[in-house]
Amino acid sequence: KAGVTQTPRYLIKTRGQQVTLSCSPISGHRSVSWYQQTPGQGLQFLFEYFSETQRNKGNFPGRFSGRQFSNSRSEMNVSTLELGDSALYLCASSAAHLLNTEAFFGQGTRLTVV
Amino acid sequence: DQQVKQNSPSLSVQEGRISILNCDYTNSMFDYFLWYKKYPAEGPTFLISISSIKDKNEDGRFTVFLNKSAKHLSLHIVPSQPGDSAVYFCAASVPNAGGTSYGKLTFGQGTILTVHP
């Protein structure tokens, strides 16, 4: 069974630009969540999508947005990039229709804003 | 407001000995707890989990203990191996209104485990 796939693995962008990250969940998983990892803040929840609907959202500005497609693949977009957006962005998928199921993470996208 | 706390930033253990990683939480709504292992520049790898209706769960060398009254859980690794050296994250979730898994995990800050040969 293929794992969670995130593309691209590495990205360098300039301040003010926008970026789109992609995540393909494990086959059959309908929930996709996004996290930001920085040295100072640890792993912070961005948002979760389930059946193409945002089900929960963390405390991030509106510059961070996402969507989910009918095949459960998800994209995350960050507009007007700031230096502080440099981080490892992680996507996780879970079955979510069952109680107490673990989330499986992709390898992440390392975003550097210069 | 950090709802999940790992108060030890690092832990150093000799190979073959027991590693004990600790985690405290404040939100009494958490009902599912997970441990993840992470290497730099990679995604976290799921290790073991425990539901709030249990107080212990074992999987090979890994055992997780949950003390609900103290809002405390711990991960025991016995015996520790050099390959266990990584950052360990404790995470917790609440159920959603429909009774299924909630896709939001709240993570602790992580503990760097170093196992010396």
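Look up: the structure comes first, before these words.
Just so it is clear, the structure is predicted and the values come from calculations on it, not from any experiment.

Examining empty space enclosed by the protein
The full count for this structure, using the stated rule, is two cavities of 30 Å³ or more. Approximately 30 Å³ is the volume found for the second largest cavity. Lining of the second largest cavity is provided by Arg9, Tyr10, Leu88, Gln107, Gly108, Thr109 and Arg110 of chain A together with Ala41 of chain B.

Describing the nonpolar core
In this structure, Phe33, Trp35, Leu73, Leu75 and Tyr88 of chain B are the most contacted members of the largest nonpolar core, which totals 24 residues. Sorting the residues of this core by element identifies β3 (19-25), β4 (32-38), β5 (45-51), β7 (62-67), β8 (72-77), β9 (86-93) and β11 (111-116) of chain B as the ones contributing at least two each. In terms of residues, this core owes the most to one element, β9 of chain B, which gives four residues. If we skip the residues at most four places from it in the chain, Tyr88 of chain B touches Gln6, Leu21, Trp35, Tyr36, Lys37, Leu47, Leu75, Ile77, Gly110, Thr111 and Leu113 of chain B. Trp34, Phe64, Met76 and Tyr89 of chain A belong to the second-largest nonpolar core, a separate cluster that totals 21 residues.

Quick notes on the packing of aromatic side chains
Counted according to the given criterion, the structure contains 14 aromatic pairs over all chains. Note on Tyr35 of chain A and Phe107 of chain B: the rings are 5.6 Å apart at their centroids and 90° apart in plane angle, and the pair reads as edge-to-face. One end of the pair, Tyr35 of chain A, is in strand β4 (residues 31-38); the other, Phe107 of chain B, is in strand β10 (residues 106-107), on a second chain. The class of Phe107 of chain B is buried, set by a relative accessible area of 5%. Measuring from centroid to centroid gives 5.3 Å for Phe60 of chain A and Phe64 of chain A, while their planes differ by 65°, and the two rings are edge-to-face. Given the relative accessible area of 16%, Phe60 of chain A is considered buried.

Quick look at the layout of surface pockets
Considering only enclosed or pocket space, the second largest pocket measures out at about 390 Å³ in volume. Along the walls of the second largest pocket sit 18 residues, with Gln37, Thr38 and Pro39 of chain A together with Val87 and Phe89 of chain B positioned nearest its centre. Listing elements by their share of the lining of the second largest pocket, those giving two or more residues are β4 of chain A together with β9 and β11 of chain B. When residues in the lining of the second largest pocket are grouped by element, the largest group, three residues, is from β9 of chain B. Here the residues of the lining of the second largest pocket sort into ten nonpolar, six polar and two charged.

The rules behind the values
Residues numbered from 1 in each chain as written. Chains lettered and ligands numbered in written order. Predicted model: local features only at pLDDT ≥ 70, side-chain atom pairs only at ≥ 80, totals over all residues. Heavy atoms only, no water. 1 Å grid on protein atoms, 1.4 Å probe; cavity = no way out; pocket = protein on both sides within 12 Å on 5 of 7 lines; lining within 4 Å. Points joined across faces, edges and corners; volume = space filled by probe spheres on them. Core = buried A, V, L, I, M, F, W, Y, C linked by side-chain atoms within 4.5 Å. Buried < 20%, exposed > 50% of the residue type's maximum accessible area, 1.4 Å probe, protein only. Helix = DSSP H or I, 4+ residues; strand = E, 2+ residues; numbered from the N terminus. Contact = heavy atoms within 4.5 Å. Phe/Tyr/Trp six-rings, centres within 6.5 Å; stacked < 30°, edge-to-face > 60°. Nonpolar A, V, L, I, M, F, W, Y, C, P; charged D, E, K, R; others polar.

Purely spatial values, then, with no claim about function.
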